[in-house]
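Residues per chain, in single letters:
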Amino acid sequence: MERQLPQATTKGPADWFTGDVYIDAVARGRGPSTLNVGAVHFTPGARTAWHSHDGGQILYVTEGRGLVQARGERVVAISSGDVIYTADGEEHWHGATPDHGMTHLTFTEGDATWGAHVSDEEYRGHVRGDEGEDVTSSLG
Ligand code: MN
């Protein structure tokens, strides 16, 4: 058994995030496990770019209020205790609401593929062809 030394908090790179995001590495698998666990802290309005994960991703929201959207689906509000599963290769984004920070744990076992940043229009839920509820307009 060993107690791991805490690693310094890193800032989420601007290529992958909009706004200020801080990442604490929590755990890495040591072969054969490729598990990667991190705590990701989004400041209000911050979100990931569109991306997907080889092998999928599990998110566990530990604090605050956030938003998540899969490509072609509506924006969904998430908060403490919510668990979100994204399938292998499914394009999506996640982040904080405009007025609240949000922290989630992330569990992945593979690499991510990164795409375009989420525009303000997409973030606000006004995706063309989206007939779903505009979640963000009711958050005040
Ligand atoms: Mn993701």
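This text follows the structure it describes.
Residues numbered from 1 in each chain as written. Predicted model: local features only at pLDDT ≥ 70, side-chain atom pairs only at ≥ 80, totals over all residues. Heavy atoms only, no water.

1. A word on the coordination of the manganese ion
Here comes step 1: Donor atoms from the polypeptide that coordinate the manganese ion comprise His51 (NE2), His53 (NE2), Gln57 (OE1), His92 (NE2) and His94 (NE2), at 2.1 to 2.2 Å from the metal.
Here comes step 2: As a motif over one chain, the donors of the manganese ion read H-x1-H-x3-Q-x34-H-x1-H. Linking Gln57 in strand E7 (residues 57-70) with His92 in strand E10 (residues 92-96), this pair joins segments that are 35 residues apart in sequence.
Here comes step 3: Accessibility expressed as a relative area gives 3% for Gln57, which makes it buried.
Here comes step 4: When its relative accessible area of 1% is taken as the criterion, His92 is described as buried. (Donors = N, O, S within 2.8 Å, 3.2 Å for Na, K, Ca; no water. Helix = DSSP H or I, 4+ residues; strand = E, 2+ residues; numbered from the N terminus. Buried < 20%, exposed > 50% of the residue type's maximum accessible area, 1.4 Å probe, protein only.)

2. With respect to the layout of surface pockets
Vacant regions in the atomic arrangement are exposed by a probe of water-molecule size rolled over the atoms.
Here comes step 1: In this model, the largest pocket occupies a volume close to 660 Å³.
Here comes step 2: What lines the largest pocket is a set of 32 residues, among which Trp16, Asn36, Thr106, Thr108 and Trp114 lie closest to the centre.
Here comes step 3: Of all elements in the fold, only strand E1 (10-11), strand E3 (21-28), strand E4 (36-42), strand E6 (51-53), strand E11 (102-108) and strand E12 (112-114) reach the threshold of two or more residues within the lining of the largest pocket.
Here comes step 4: The leading source of residues in the lining of the largest pocket is E3, at six residues. (1 Å grid on protein atoms, 1.4 Å probe; cavity = no way out; pocket = protein on both sides within 12 Å on 5 of 7 lines; lining within 4 Å. Points joined across faces, edges and corners; volume = space filled by probe spheres on them.)

3. Some thoughts on the pairing of E7
Note on strand geometry: in a regular strand, side chains alternate between the two faces of the sheet.
Here comes step 1: Summarising the sheet, E7 and strand E9 (residues 83-86) pair through four bridges and their orientation is antiparallel. Each bridged residue has a counterpart across the sheet, and for Ile58 the counterpart in E9 is Tyr85.
Here comes step 2: Bridge analysis of E7 against E11 gives seven bridges, and the strand direction is antiparallel. If you follow Leu59 over to E11, its bridge partner there is Thr106.
Here comes step 3: Here E7 hands over to strand E8 (residues 76-79) after five residues, with Gly72 in that stretch at a positive phi of 85 degrees.
Here comes step 4: Looking at chain direction, E7 and E10 are connected through five bridges and run antiparallel. When the bridges of E10 are listed, Gly66 appears paired with Ala96. (Pairing = 2+ DSSP bridges.)

4. A look at the nonpolar core
Here comes step 1: Phe17, Val21, Val40, Phe42, Ala46, Leu59, Val61, Val68, Ile78, Ile84, Ala96 and Met102 together form the largest nonpolar core, which totals twelve residues.
Here comes step 2: The element contributing the most residues to this core is E7, with three residues.
Here comes step 3: What Val68 contacts, discounting residues up to four positions off in sequence, is Arg74, Val75, Val76, Ile78, Ile84, Trp93 and His94.
Here comes step 4: Trp50, Leu67, Val75 and Trp93 belong to the second-largest nonpolar core, a separate cluster that totals six residues. (Core = buried A, V, L, I, M, F, W, Y, C linked by side-chain atoms within 4.5 Å. Contact = heavy atoms within 4.5 Å.)

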